[in-house]
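Residues per chain are reported as follows:
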Amino acid sequence: AEAARGKPELEKVPLCALYNPAIAQEEGKVIRQKTPEDFATWLKESAGRELYSANLCAACVTAEEVQAARKAGVGVMVWYPVGEDSEESFRRMLEFGVDTICVNDVELFK
């Protein structure tokens, strides 16, 4: 019924999950929640749905996490806390093989 009125059916909307929120601050440094070991598979295991992409903080993501997502058929988007994006980091993310980079400063791409 919803689809007939132009609204997408929830089952057809791709799902993404955001990881690595800030959980504390120590001596002026942000402490981020670690990426769960099952980050790429939990949704399918718990709800029978595929995860479209895992959205990981660029400051925490590892090449191994990107490889684990690939193995599970999940895309990877990295995001940057304000003021932490840099051309050097963008290049490292490309080396890791991420699909999408969410930036704060598009001027760094000029």
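Residues numbered from 1 in each chain as written. Predicted model: local features only at pLDDT ≥ 70, side-chain atom pairs only at ≥ 80, totals over all residues. Heavy atoms only, no water.

Caption draft 1: Quick look at the sheet that holds strand β4 (residues 51–57). Strand order across the open sheet formed by four strands is β1-β4-β5-β6, with parallel pairing between neighbours. At either margin of the open sheet sits one strand with a lone partner, and together these are β1 (15–18) and β6 (100–102). When strand polarity is set aside, the average angle formed by the axes of neighbouring strands in this sheet is 25 degrees. (Pairing = 2+ DSSP bridges. Helix = DSSP H or I, 4+ residues; strand = E, 2+ residues; numbered from the N terminus. Axes fitted to C-alpha atoms, helices over the stretch in contact; angles between N-to-C directions.)

Caption draft 2: Representation of helix α3 (residues 87–96) within the structure. Of the positions making up α3, those classed as buried are Ser-89, Phe-90 and Met-93. Summarising the axial view, the buried residues of α3 lie within an arc of 105 degrees, below the 170-degree limit, and thus occupy one face. Of the exposed residues in α3, the ones pointing more than 90 degrees away from its buried face are Glu-88, Leu-94 and Glu-95. Elements that come into contact with the buried residues of α3 comprise β5 (75–79) and β6. The positive-phi residue at the C-terminal boundary of α3 is Gly-97, with phi of around 95 degrees. (Buried < 20%, exposed > 50% of the residue type's maximum accessible area, 1.4 Å probe, protein only. Arc of directions from axis to C-beta. Contact = heavy atoms within 4.5 Å.)

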